[in-house]
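Structure assessment
One letter stands for each residue in the lines below.
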Amino acid sequence: MSQIKANDNAYIAHTYGRFDIVLTHGSGALLYDENEKEYIDMTAGIGVNCLGFGNEEWVKAVCEQATSLQHVSNLYYSKPDTQVAEKLCNMTHFSKMFFANSGAEANEGAIKVARKYASDKYGQKNYEILTLVNSFHGRTITTLSATGQDHFHQHFDPFTPGFVHANANDIEDVKSKINKNTCAIMMELIQGEGGVLPLDQDFVKEVAEICQQNDILLIIDEVQTGIGRCGSLYAYEQFDIQPDIVTTAKGLGNGLPIGGVLLNDKVKDVFGPGDHGTTFGGNPVACAGANVVLSHMNQELFDEVKRKGEYIKKRALQMPHVIGVNGLGLMRGIVLDGISAIDVVRACIDSGLLLLTAKDKVRMLPPLIITDEQLEKACDILEEVLKAW
């Protein structure tokens, strides 16, 4: 065992099932371990490193910001966060943004906005939020309560009350669980941790209409689907809806912790001074990197993401043991015919390919800048591993 692994086992809480490799550096969509073995990265740090490793523009912006102003808190004004907020609001037509440090924190912020909006307008009984079965919204006590998977609702009681779960793509179940105390409906348009399962477009549009007709806020969790991952800046753009609140994180930072809550006109002024806050939200270094990420978000990139995603789908459907491919763009879940996804992932590591799982599926979330040659080689490795089963 290497000293790094030994120290990890000795000093870091054992909350992760780590794979048996120590990664030391990367370039583009390639990673290298302590023995200089090369891996094609189809994980992007679980959908985070959208520009890959070592993007020169991003590195320069982050380093320059770190040498001038690394942190000052939200008691003062600084430039990088205002730039990110302005860019995102202009790109999405939202009105304001609250900065957080992660997807879970962004979802916590969205929940607080929804509950305060309803409390201010209708009274404190209007606090119930409807989410979907099989959803995943984070690992804090409240976002675990919002998550619609029973196996997460263990060991940490009492969970935050006020969440009701309806079946995805079942509009009648949604209608049956809405009541006079419902203040918001919160959804992932592709259930990532739940198995890379896209929602039906008609279902999403019906939910949006119900929300609009009943002054129920529509919250779309774009933590994993956002920042170009699905072939548009945010996935909701492909579902023909305009949410009240969108949460964002992961790819926005390209490796540095950042999250955000985008607010439309209806809710832009719900938060006042003291209603919410976070020490590191809008951190100048993270925002300097996010500004570079947003400068790369354009139609040319989105078209490339869609094209590469279709290549993955076409190739995977020709492989042995593959019976389906879910997802959009470069967020893909490969359905297998009963063989173990985690065993496939382990075998691919041995062959120089890093993949993820999502329940019983092999999941692909590569950097958006992955080359055609790297993508072809990654699919070749996966195919050879599956042929050997």
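Heads up: the structure comes first, above all this text.
The rules behind the values
- Residues numbered from 1 in each chain as written.
- Predicted model: local features only at pLDDT ≥ 70, side-chain atom pairs only at ≥ 80, totals over all residues.
- Heavy atoms only, no water.
- Helix = DSSP H or I, 4+ residues; strand = E, 2+ residues; numbered from the N terminus.
- Rg over C-alpha atoms; globule rule 2.2 N^0.38 Å.
- Areas by Shrake-Rupley, 256 points an atom, 1.4 Å probe, with all protein chains shown as cover.
- Lys, Arg positive; Asp, Glu negative; His and termini not counted.
- Charge placed at Lys NZ, Arg CZ, Asp CG, Glu CD.
- Buried < 20%, exposed > 50% of the residue type's maximum accessible area, 1.4 Å probe, protein only.
- Pairing = 2+ DSSP bridges.
- Contact = heavy atoms within 4.5 Å.
- Core = buried A, V, L, I, M, F, W, Y, C linked by side-chain atoms within 4.5 Å.
- Axes fitted to C-alpha atoms, helices over the stretch in contact; angles between N-to-C directions.
- Phe/Tyr/Trp six-rings, centres within 6.5 Å; stacked < 30°, edge-to-face > 60°.
- Parallel < 35°, antiparallel > 145°, perpendicular 65-115°, else oblique.
- Left-handed = near helix turned anticlockwise from the far one by under 90°.
- Expected span 1.5 Å × (residues − 1).

1. Observations concerning the overall build of the chain
A tally of helices and strands in the chain yields 12 helices and 17 strands. For the chain, the C-alpha radius of gyration of 21 Å lies close to 21 Å, the compact-globule estimate for 389 residues. For the chain, the spread of C-alpha atoms along the three principal axes comes to 60 × 55 × 45 Å. Here the chain has roughly 17,600 Å² of accessible surface; of this, 50% comes from carbon and sulfur atoms. Put simply, the chain has 34 plus and 50 minus side-chain charges, and the middle of one group is 3 Å from the middle of the other.

2. As for the pairing of strand β4 (residues 96-100)
For β4, the tally of buried residues reaches four of five residues, placing the bulk of the element in the interior. With five bridges joining them, β4 and strand β12 (residues 259-263) adopt antiparallel strand pairing. Of the residues in β12, the one forming a bridge with Lys 96 is Leu 263.

3. Points about the environment of Leu 217
Mapped onto the fold, Leu 217 is located in strand β10 (residues 217-221). The spatial distance from the C-alpha of Leu 217 to the C-alpha of Phe 156 is 28 Å, given a sequence separation of 61 residues. In contact with Leu 217, not counting residues within four places along its chain, are Ala 114, Tyr 117, Cys 183, Ala 184, Ile 185, Cys 211, Asp 244, Ile 245, Lys 266 and Val 267.

4. Topic: the nonpolar core
Met 42, Met 187 and Leu 382 are the most contacted members of the largest nonpolar core, which has 92 residues in total. One finds Val 113, Ala 118, Leu 217 and Ile 219 within the second-largest nonpolar core, a separate group that totals 22 residues.

5. Examining the sheet that holds β12
By definition, the strands of a sheet pair up through backbone hydrogen bonds, in either a parallel or an antiparallel sense. What the seven strands build is an open sheet, ordered β4-β12-β11-β10-β7-β5-β6; its pairing is mixed. The outermost strands of the open sheet, each flanked by one partner alone, are β4 and β6 (163-166). Neighbour-to-neighbour, the strand axes of this sheet turn through a mean angle of 20°, independent of strand direction. Pairing between strand β11 (residues 245-248) and β12: four bridges, direction antiparallel. Note on β12: the bridge partner recorded for Ile 245 is Leu 263.

6. Overview of the sheet that holds strand β16 (residues 356-358)
With respect to topology, four strands assemble into an open sheet ordered β13-β14-β17-β16, the strand pairing being antiparallel. Since the sheet does not close on itself, it has two edges, and those belong to β13 (322-328) and β16, each with one partner. Each strand axis lies, on average, 30° off the axis of its neighbour in the sheet, ignoring direction. Two elements, strand β14 (residues 331-336) and strand β17 (residues 361-364), share four bridges in a ladder whose sense is antiparallel. Looking at β17, one finds that Gly 333 is bridged to Arg 363. In the packing of helix α10 (residues 299-317) onto the sheet, the strands contacted are β13, β14 and β17, and the crossing angle to β13 comes to about 170°.

7. A few points about the packing of aromatic side chains
Enumeration according to the criterion identifies four aromatic pairs in this entry. Here the aromatic rings of Phe 94 and Tyr 236 are separated by 6.3 Å at their centres, their planes lie at 80°, and the arrangement is edge-to-face. Note that Phe 94 is positioned in the loop between α4 (79-92) and β4 and Tyr 236 in the loop between β10 and β11, a separation of 142 residues in sequence. When the ring of Phe 98 is compared with that of Phe 271, the centres are 6.1 Å apart and the planes differ by 70°; the resulting orientation is edge-to-face. Of this pair, Phe 98 sits in strand β4 while Phe 271 sits in the loop between β12 and α9 (284-295), and the two are 173 residues apart along the sequence.

8. Some thoughts on the packing of helix α3 (residues 56-68) against α9
Close contact between α3 and α9 brings their axes to 8 Å; oriented N to C, the two are set at 155°. Looking at the two axes, α3 sits roughly antiparallel to α9. Between α3 and α9 lies a crossing of right-handed hand. Of α9, the residues touching α3 (which contributes Glu 57, Trp 58, Ala 61, Val 62, Gln 65 and Ala 66) are Pro 284, Val 285, Ala 288, Gly 289, Val 292, Val 293 and Ser 295.

9. Details of α3
With 13 residues, α3 extends 19 Å between its outermost C-alpha atoms, agreeing within 8% with the 18 Å of an ideal straight helix rising 1.5 Å per residue. Those residues of α3 that are buried are in contact with α4 and α9.

10. A short note on the packing of α4 against α9
At their nearest, the axes of α4 and α9 sit 8 Å apart, and the two run at 35° to each other. Note on packing geometry: the crossing formed by α4 with α9 is left-handed. Here Pro 80, Asp 81, Gln 83, Val 84, Lys 87, Leu 88 and Met 91 of α4 come into contact with α9, specifically with Pro 284, Cys 287, Ala 288, Ala 290, Asn 291 and Leu 294.

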